[in-house]
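Structural description and commentary
Chain by chain, the residues run as shown.
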Amino acid sequence: MTWARKHLLDIESLTPDEIVTVLDTARAFKAVGKRAIKKVPALRGKTVVNLFIEPSTRTRISFELAEQRLSADVINFSTEASSFKKGETLKDTARNLEALNADFIVIRHSASGAPHFLARVLDAHVINAGDGAHEHPTQALLDVFTIREHKGKIAGLNITILGDILYSRVARSNIWARRKLGATVTLCGPATLVPKTFEQMGCRVTYDVDEAIRGADIINLLRIQHERQRKTMFPSINEYIQLFGLNKERLARAKPDALIMHPGPINRGVEIDSDIADSGRSLVLEQVTNGLAVRMAVLFLANGGKGPQEVAGN
Ligand code: CP
């Protein structure tokens, strides 16, 4: 098992072996997290800047905790209190952070390609924490990690992604990850938000929610990404709820062991009924928990770690 990448920019360019290396390394870090002493010295002496130019709860906090568990020095960049407000560019901002000896930049940005741009102009390691509607690689990695924990495998599973696919970076990263690991991926949602062009990524596209749910091992819901939609993509939220919301009646037609996933934030009563979100079939909070081990693994590997065999005590 090896890893030789300086950055994590996307899932599209990863090989299946590289994805499995992250998952196995994350499993070793999850075991570390159950010990009395949860910290390891892997990033001691390294400085990590969390450059979040878009809002985040789960990703920002779990990256910060992952960095602390790896003994890094952590800086959280606040857009509101920064010279972005005075017109400083992303490139100048990032180069100033590097001038202050930042070894890693973890970036979330509304522009697709922002992490790739920084990787070209900086010496620091760049980790993509979500770029526009393009990719959210650590979300996909924690999602396949969670699926593998429950189902023991990814290959051969039927995974349905239901919701706003067009504007979702989570969908794109997850399509790459799940297809590369051998799952069958079905996409469903309003036709305006699930164009047939996604079939080119090896997915099945359907607009019939019952067909999408029937036979699925995993039903992965996505919220409507209002912040990225520049025009009205469907008539009303009420119509969306009627046609695509996951409720008890719809879920009753799914396989009894089908599990529910959602990257968060969830919109209760829209894409998912509250009682399903809080049920024993929902993996929503487990996904968040697993994000910590997965982000530790990503930082550890980008720093030169080769795989789970190098995680202390493994
Ligand atoms: N899933 C996810 O990216 O959540 P946040 O936007 O809160 O980080």
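See above for the structure.
Residue positions are counted from 1 within each chain, in the order its sequence is given. Where local features are concerned, this predicted model is filtered to residues with pLDDT of at least 70; where side-chain atom pairs are given and counted, the filter is 80 or more; whole-chain, interface and lining totals use all residues. Excluded from the side-chain calculation are hydrogens and water; included are all heavy atoms of the structure.

Looking only at helices and strands, the chain has 11 helices and 9 strands in total. Rg of the C-alpha trace for the chain: 19 Å, near the compact-globule value of 20 Å for 314 residues, within the 12% margin. Projected onto the principal axes, the alpha-carbon positions of the chain cover approximately 55 × 50 × 35 Å. By residue count, 56% of the 314 residues in the chain fall in the buried class. Residues are treated as being in contact if the distance between any of their heavy atoms lies within 4.5 Å. Looking at the chain alone, contacts between residues at least 24 apart form 73% of all its contacts between residues at least 6 apart. For helices the rule is a DSSP run of H or I covering at least 4 residues; for strands it is a run of E covering at least 2, with both sets numbered from the N terminus onward. All radius of gyration figures rest on C-alpha atoms, and the globule criterion is 2.2 Å times the number of residues raised to 0.38. We call a residue buried when its accessible area falls under 20% of the maximum for its residue type, exposed when it is over 50%, and partly exposed in between, using a 1.4 Å probe and counting protein chains only.

A separate point is the sheet that holds strand S1 (residues 47–52). Strand order across the open sheet formed by 4 strands is S2-S1-S3-S4, with parallel pairing between neighbours. Whereas interior strands pair on both sides, the edge strands pair on one side only; in this sheet they are strand S2 (73–78) and strand S4 (125–131). Neighbour-to-neighbour, the strand axes of the sheet open up by a mean angle of 15°, direction not taken into account. Strands qualify as paired when DSSP identifies two bridges or more between them. Of the pairings in the sheet, the one linking strand S3 (residues 104–109) to S4 comprises 5 bridges and is parallel in character. Interaxial angle, 0 to 180 degrees, is taken between N-to-C directions of lines fitted to C-alpha atoms, where a helix line uses only the stretch in contact.

Close contact between helix H3 (residues 90–99) and helix H4 (residues 114–121) brings their axes to 11 Å; oriented N to C, the two are set at 50°. What the angle tells us is that H3 and H4 run oblique. You can see that H3 and H4 cross each other, and the crossing is right-handed. Only Ala114, Phe117, Leu118 and Val121 of H4 make contact with H3, whose side of the interface consists of Leu90, Lys91, Ala94 and Arg95. Tallied by class, the residues present in the contact of H3 with H4 amount to 6 nonpolar, no polar and 2 charged. For classification purposes, an angle smaller than 35 degrees is called roughly parallel, one larger than 145 roughly antiparallel, one from 65 to 115 roughly perpendicular, and anything else oblique. Crossing handedness is defined as follows: a turn of the near helix away from the far one that is anticlockwise and smaller than a right angle gives a left-handed crossing, while the clockwise case is right-handed. Under the scheme applied, nonpolar residues are Ala, Val, Leu, Ile, Met, Phe, Trp, Tyr, Cys and Pro; charged residues are Asp, Glu, Lys and Arg; polar residues are all the others, including Gly.

The immediate surroundings of the ligand are formed by Ser56, Thr57, Arg58, Thr59, Arg108, His136, Gln139, Pro263 and Gly264. Side-chain polar atom of Arg58 to an oxygen atom of the ligand: 3.0 Å apart, as the coordinates give it. Burial of the ligand by the protein chains amounts to 91% of its free accessible area of 260 Å². Counted by class, the shell around the ligand contains 1 nonpolar, 6 polar and 2 charged residues. Residues are labelled near a given molecule or strand when at least one of their non-hydrogen atoms is within 4 Å of it. We call two N or O atoms a polar contact when they sit within 3.5 Å, provided that within protein one can donate a hydrogen and the other can accept it, with sequence-adjacent residues counted only if both atoms are side-chain atoms. In these tables, accessible area is a Shrake-Rupley quantity obtained with a 1.4 Å probe, and a residue counts as shielded only by the protein chains included in the view.

Let us now look at the environment of Thr57. Within the secondary structure, Thr57 is located in the loop between S1 and helix H2 (58–69). In this structure Thr57 comes out as partly exposed when scored by relative accessible area, which is 48%. Along the chain, Thr57 and Asp123 lie 66 residues apart, while their C-alpha atoms are 28 Å from each other.

By themselves these figures say nothing about function.
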